[in-house]
Amino acid sequence: MNPATVLDFVSLFFAGILAGALFIIDYGVGHAVAAILDEQSQIQVRQTLIRSLRILMPAIFILTILLGVAITVLDGFDQGFTFRLAGLLVVLVSFLLALIGTAPINAAVLTWQPAAPPKNWRTLVSRWQRFDRARTWVAIMAFALFLTATALKLTVH
């Protein structure tokens, strides 16, 4: 296996980790927190999740983007180029949704007092969920595009 193929798989791995993590956060953890916990506990869990993921998720995003750029440049105009480039652009959109949508809300959530949240906290969480859902599906689309590009590359060799 040549280095470009290895890089394809590493890039695909991180795109998959990103899509999977966002999917679980959005559809698994988020729903469970809202369905089971009282107001104060919900806020505490959200704050704990934000603190634990605020380094990990940007690192996964950045690695996915950097690896996507590297493999797009390295593979050039092969059979998967269009899918790889589209995947890279889509993962950038997902990252922008995180930067302009979820990150500011996360920063605000960290300032809340769980026993006395702002009156509009449910509205802010609902807004966060809309950004998160969009970010999740865009990341899943990026993974599918990277997967297609890699499959096309492997079927030619």
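Residues numbered from 1 in each chain as written. Predicted model: local features only at pLDDT ≥ 70, side-chain atom pairs only at ≥ 80, totals over all residues. Heavy atoms only, no water.

What the protein chain contains, in helices and strands, is 5 helices and 0 strands. Its helices and strands in sequence order give the protein chain the pattern α-α-α-α-α, from N to C terminus. Across the 157 residues of the protein chain, 41% fall into the buried class. Of the contacts formed within the protein chain by residues at least 6 apart in sequence, a portion of 82% connects residues at least 24 apart. As displayed, the protein chain has an accessible area near 8,300 Å², and 73% of this comes from carbon and sulfur atoms. When the 11 basic and 7 acidic side-chain charges of the protein chain are each reduced to a single mean position, those positions are 10 Å apart. (Helix = DSSP H or I, 4+ residues; strand = E, 2+ residues; numbered from the N terminus. Buried < 20%, exposed > 50% of the residue type's maximum accessible area, 1.4 Å probe, protein only. Contact = heavy atoms within 4.5 Å. Areas by Shrake-Rupley, 256 points an atom, 1.4 Å probe, with all protein chains shown as cover. Lys, Arg positive; Asp, Glu negative; His and termini not counted. Charge placed at Lys NZ, Arg CZ, Asp CG, Glu CD.)

A separate point is empty space enclosed by the protein. One simple way to see leftover space: roll a probe sized like a water molecule over the atoms. Across all of its chains, the model carries 1 cavity of 30 Å³ or more by this definition. The calculated volume of the largest cavity comes to roughly 40 Å³. Residue lining of the largest cavity: Asp 8, Ser 11, Leu 12, Ile 71, Arg 84, Phe 146, Ala 149 and Thr 150, and that is the complete set. Contributions of two or more residues to the lining of the largest cavity are made by helix H1 (3-36) and helix H5 (121-156). (1 Å grid on protein atoms, 1.4 Å probe; cavity = no way out; pocket = protein on both sides within 12 Å on 5 of 7 lines; lining within 4 Å. Points joined across faces, edges and corners; volume = space filled by probe spheres on them.)

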